[in-house]
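# Survey of secondary and tertiary structure
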Amino acid sequence: NINKNIGLKIKKIREEMNLSQEQLAVNAGIDRSYMGRVERGEVSVSVLLLSRILRALNLDLKRFFSDLIEFAIELHKDFIHLDHSFTNSELTIE
């Protein structure tokens, strides 16, 4: 789900930056235990809170979400099966 993907992406970036969960939480101005819940995808993060976390990671929302799509595809690639058996003529958009 989207909450889990967001949380895993935040955790991955945090770890790449060699930040502890507590350091990120302090920098973002949120409680460390709540930061843990965000990273585990247990809570829906508001845009305001997400922007505070991303600011602490030196990222903006646009870059985060464009990277998140690629991250989610890579994370779930073993479960994504695209059926290419249809032809373009069978694809209609209403």
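Preceding this section is the structure that the text describes.
Rules and cut-offs
Residues numbered from 1 in each chain as written. Predicted model: local features only at pLDDT ≥ 70, side-chain atom pairs only at ≥ 80, totals over all residues. Heavy atoms only, no water. Axes fitted to C-alpha atoms, helices over the stretch in contact; angles between N-to-C directions. Helix = DSSP H or I, 4+ residues; strand = E, 2+ residues; numbered from the N terminus. Left-handed = near helix turned anticlockwise from the far one by under 90°. Contact = heavy atoms within 4.5 Å. Nonpolar A, V, L, I, M, F, W, Y, C, P; charged D, E, K, R; others polar. Buried < 20%, exposed > 50% of the residue type's maximum accessible area, 1.4 Å probe, protein only. Parallel < 35°, antiparallel > 145°, perpendicular 65-115°, else oblique.

Moving on to the packing of helix H2 (residues 21-28) against helix H4 (residues 47-56). The description of two packed helices rests on the angle between their axes and on the distance between the axes. For the pair H2 and H4, the least separation of the axes is 8 Å and the interaxial angle reads 115 degrees. For H2 against H4, the interelement crossing comes out right-handed. Residues Leu24, Asn27 and Ala28 of H2 touch H4, and the partners they reach there are Arg52, Ile53 and Ala56. Class assignment of the residues belonging to the contact of H2 with H4 gives a composition of 4 nonpolar, 1 polar and 1 charged.

Of all the positions in H4, only Leu49, Leu50, Ser51, Ile53, Leu54 and Ala56 are classed as buried. With its phi angle positive at about 60 degrees, Asn58 sits one or two positions after the end of H4.

In this section: the packing of H2 against helix H3 (residues 32-39). In the contact formed by H2 and H3, the axes pass within 9 Å of each other and the chain directions differ by 105 degrees. Overall, the two elements H2 and H3 adopt an arrangement that is roughly perpendicular. Of H3, the residues touching H2 (which contributes Gln21, Glu22, Leu24 and Ala25) are Arg32, Met35, Gly36 and Glu39. Residues of the contact of H2 with H3, tallied by class, amount to 3 nonpolar, 2 polar and 3 charged.

In short, the description is geometric, and any link to function would need to be established separately.
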